Amino acid sequence: MFLHVSAVEYEAEYRLRIVFDDGAVKVVDLAHELEGEVFEPLRDWKVFRQVRLNPDTGTSEWPNGADLAPEFLYEIGVADQPAALVAEPPAKYKALRKQ
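Read on for a plain summary of the structure.

Cut-offs and rules
Residues numbered from 1 in each chain as written. Predicted model: local features only at pLDDT ≥ 70, side-chain atom pairs only at ≥ 80, totals over all residues. Heavy atoms only, no water. Salt bridge = Lys/Arg side-chain N within 4 Å of Asp/Glu carboxyl O. Buried < 20%, exposed > 50% of the residue type's maximum accessible area, 1.4 Å probe, protein only. Core = buried A, V, L, I, M, F, W, Y, C linked by side-chain atoms within 4.5 Å. Helix = DSSP H or I, 4+ residues; strand = E, 2+ residues; numbered from the N terminus. Pairing = 2+ DSSP bridges. Contact = heavy atoms within 4.5 Å. Polar contact = N/O pair within 3.5 Å; in protein donor to acceptor, adjacent residues only side chain to side chain.

Thoughts on the pattern of salt bridges
No. 1: Going through the model one piece at a time under the given rule, you end up with six salt bridges.
No. 2: A salt bridge links R17 to E9, with the shortest nitrogen-to-oxygen separation between them at 3.7 Å.
No. 3: Owing to a relative accessible area of 31%, E9 belongs among the partly exposed residues under this scheme.
No. 4: Salt-bridge contacts for R17 lead to E11; the nearest nitrogen and oxygen are separated by 2.3 Å.
No. 5: Residue classification places E11 among the partly exposed positions, given a relative accessible area of 26%.
No. 6: Through salt bridges with shared partners, a single ionic network connects E9, E11, E13, R15, R17 and D80.

Shown next, in the form of structure tokens:
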């Protein structure tokens with residue numbers, strides 16, 4: 001199954017709230033996943049908070065180019081339903097990503 005991230009929001013510490021293109025909303029805790037050279041800078045919360053959606057790749061990404069596969073994020077995430085991130089239907093996010 002190919003998944004894409006439609007929206008990503010920093011929550012706290014090493015947690016992200018992520019909306020996927022299938023409509024699922026999950027909280028992902030990456031505290032124990034930030035290993036390796038590219039992820040080392042993300043251990044600084046000031047850097048970790050700079051996460052953004054890359055609409056070209058359909059995943060979350062940091063300024064240093066670090067990213068994680070949406071399928072991995074989906075697998076380790078815990079289901080959530082925040083009103084702020086699901087106010088728009090998933091179809092709108094798909095349209096924005098294609099632009």
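Now that the structure has been shown, the text picks up again.
Description of the nonpolar core
No. 1: Core analysis: the biggest nonpolar cluster contains 20 residues, and L16, I18, L30, F48, W62 and L73 have the highest contact counts within it.
No. 2: Elements that contribute at least two residues to this core include exactly β1 (5–12), β2 (15–20) and α2 (70–76).
No. 3: It is β2 that provides the largest number of residues to this core, a total of three residues.

Side note on the environment of G65
No. 1: Mapped onto the elements, G65 comes out in the loop between β5 (59–61) and α2.
No. 2: Assessed through its relative accessible area of 40%, G65 is described here as partly exposed.
No. 3: Separated by 26 residues in the primary sequence, G65 and F39 have C-alpha atoms spaced 9.4 Å apart.

So, the sheet that holds strand β6 (residues 78–79)
The pairing of strands in a sheet comes from backbone hydrogen bonds and takes either a parallel or an antiparallel form.
No. 1: Across the sheet, which stays open at both edges, the four strands sit in the order β1-β2-β3-β6 with antiparallel pairing between neighbours. Of all the strands in the sheet, the pair left with one neighbour each is β1 and β6.

Looking at the environment of Y14
No. 1: With respect to the helices and strands, the residue Y14 is situated in the loop between β1 and β2.
No. 2: A residue is classified by how much of its surface remains accessible, and Y14, at 17% relative accessible area, is buried.
No. 3: Sequence-wise, Y14 and A31 are 17 residues apart; in three dimensions their C-alpha atoms are separated by 5.2 Å.
No. 4: Beyond its immediate chain neighbours, meaning those up to four positions away, Y14 contacts V28, D29, L30, A31, L34, L42, R43, D44, W45 and F48.
No. 5: In terms of polar contacts, Y14 uses its side chain to reach the backbone carbonyl oxygen of R43, at 2.3 Å.

Read these as layout, nothing more, since geometry by itself doesn't imply function.
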